[in-house]
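Coordinate inspection notes
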Amino acid sequence: MITRLIVMLVVIGAIFTIHNMRQTVLAPGDLPEKFIHDHQVDVFDLPTFEERRERVLAEVEADIIIMSTAANPDFRYVTGFPERQGIVVIMPGKEESYQLFVTPREIYTVMWTGEVYGMERAVEKFGADAAHALDDFEEMLPGLLEERSRIYIHNQDDRIRKMVEPLIAGNTEIHDIAPILHEHRVFKDDWEIVQLRQAVDVTVKAHQYILEAVRPGMKEYEVQAEIEYIFRRNGLGPGFPSIVGSGPNSCLLHHTRNDRVLKDGDVLLMDVGASSLGGYTADVTRTIPVNGTFTPEQRKIYELVLNASEQATNKMKPGYRMLDGHHLATDIMVEGLYEMGLIPDTTSWWQKRFYIQHRINHYIGLQVHDAGEYGFDTDARNEHILTPEIRGREIKPGMVMTNEPGLYFMVGLLDGIHEMFGHLASEEELNAFVEKVRPIYEQYEGIGVRLEDNILVTEDGNINLSAGAPKTIKEIEAAM
Ligand code: GLY
């Protein structure tokens, strides 16, 4: 009897302690040290941006490059200038070869819209040889274009194009600077890697934090708030709209309504990324069980995706091509689905396509899907997704990309199969597939699993920048 009483008291004490620990973690203003990121990272670094401009100029025989913030983030890549409005003019060989046109620092502007750098600090801080008021640009443009016959502007910059075109004559050529900048942006310089590390580290902290905070009954937007709270407490914000999908919503690839109540027994998919001080975004996804323990069905899908993710990482290195990891991950997932009876015929393109929804990698950087060529047509009705012969460009050091395999058992997807593949398979074939697969599919319906890491390619391999976010089943269940 006494032993029973002692055991009961110990259990009640433990429950209390766990409950209180949770309260401590969640209390605003009382964030444990482990969730604070202590790196010193700047919003700007003058030599980095000077070196970038030199690199670009070494490649193009430009007499003049003109770009405005309409061409962001390329404008920001070249200047580091973070305001909403600005124009850059680069004229190699001229005395004032780097000029910025910016919002003047007038007292009413500052009072109503907040601090701006103004012309003086555009020179001091951002290294311009000369800075002018934005409003003076149009008037100064004819002078700037004098004797300049190779002009580079940006294809997103309609306003600049409309101003420049009437002023040119004779053998003047207008070229697009965008593809050149996009190729440079594929290879991150040291400063960009520091930025990406900051963004990823803070995102990892948010993923670690949420494992302690999640419980059934929360709303998806509360989870979003907790995650973004960690971003904000570390001085950052989200780099893209946070995707927080529980239960059936975990299967919706870009679910951002985030308005459902988390239920006991759901999985919870969180695809989130902080943006660094210099504007570089992380993109890290984890999928966890809302109640702390995966069901056998969730575990099965999770392990398949986890294995695909881990194997694919080995092919995101110099010596491989962009899609090699994706094709390997796809083979692993298809094989697993075949063994589960979910793909009766692995030679059928559409049966595989029913489960494989997206490729596993895209660049990250100033944009969550960063600029740059992949070496295949990313728009081609996703042909590359299941075509192993399409391998894309070579992977090279300095690239930073995601590794994000996923499997999604969307509710009602089987009923949509005629809409999806009616042009590829007969009514009878589709019905036979549905009949065969439905009893198994239904066991997994409402489970979506995506695991996404951020991979920095190095000279001799790669570094998983987001390795700190718990990922194995054991790590996740232990942390929860
Ligand atoms: N993380 C959101 C996306 O890649 O689209």
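This section reports on the structure supplied with the text. (Residues numbered from 1 in each chain as written. Predicted model: local features only at pLDDT ≥ 70, side-chain atom pairs only at ≥ 80, totals over all residues. Heavy atoms only, no water.)

1. Overview of the overall build of the chain
Cut-off, in case you're wondering: Numbering goes from the N terminus for both helices and strands, where a helix is a DSSP run of H or I of at least four residues and a strand is a run of E of at least two. A simple rule labels every residue: compare its accessible area, found with a 1.4 Å probe on the protein chains alone, to the largest value its type can have, and call it buried under 20%, exposed over 50%, or partly exposed in between. Whether two residues are in contact is decided by their heavy atoms: any pair within 4.5 Å suffices. Surface accessibility in these figures is a Shrake-Rupley result with a 1.4 Å probe; residues are shielded only by whichever protein chains are displayed.
Along the chain, the regular secondary structure elements total 16 helices and 16 strands. In the chain, which comprises 480 residues, the share counted as buried stands at 52%. The long-range share in the chain, meaning contacts at least 24 apart out of those at least 6 apart in sequence, stands at 72%. Carbon together with sulfur atoms contributes 51% to the accessible area of the chain, which is approximately 22200 Å² in total.

2. Observations regarding the side chain of Thr-203
Following the sequence through the fold, Thr-203 ends up in helix α9 (residues 190-213). For Thr-203, a relative accessible area of 0% translates into the label buried. Discounting chain neighbours no more than four positions away, the residues touching Thr-203 are Phe-231, Val-272, Gly-273, Ala-274, Ala-282 and Val-284.

3. Here's the deal with the pairing of strand β9 (residues 267-272)
To keep things clear, this is the line we draw: Pairs of strands are assigned from DSSP output, requiring at least two bridges between the strands.
The element β9 is largely enclosed, with a buried count of six among its six residues. Judged by which residues are buried, β9 turns out to be covered on both faces: Val-267, Leu-269 and Asp-271 on one side and Leu-268, Met-270 and Val-272 on the other are all buried. When strand β8 (residues 243-246) meets β9, the two strands line up antiparallel, connected through four bridges. Bridge pairing links Ile-243 to Asp-271 in β9.

4. Thoughts on the pairing of strand β1 (residues 64-68)
For β1, the tally of buried residues reaches five of five residues, placing the bulk of the element in the interior. Judged by which residues are buried, β1 turns out to be covered on both faces: Ile-64, Ile-66 and Ser-68 on one side and Ile-65 and Met-67 on the other are all buried.

5. Let's talk about the site of the ligand
How we decide: By convention in this text, a residue qualifies as near a molecule or strand provided that one of its non-hydrogen atoms is within 4 Å of it. Each polar contact in these results corresponds to two N or O atoms within 3.5 Å; when the atoms are within protein, one needs to be able to donate a hydrogen and the other to accept it, and residues that are neighboring in sequence are counted only if both atoms are side-chain atoms. Polar here means any residue other than Ala, Val, Leu, Ile, Met, Phe, Trp, Tyr, Cys and Pro, which are nonpolar, and Asp, Glu, Lys and Arg, which are charged; Gly is therefore polar.
All residues adjacent to the ligand are Phe-240, His-254, Asp-271, Asp-283, His-362 and His-369. The separation between an oxygen atom of the ligand and a polar side-chain atom of His-362 is 3.3 Å. A distance of 2.7 Å separates an oxygen atom of the ligand from a polar atom in the side chain of His-369. Relative to its unbound accessible area of 200 Å², the ligand is 90% covered by the protein chains. Class assignment for the residues of the shell around the ligand results in one nonpolar, three polar and two charged.

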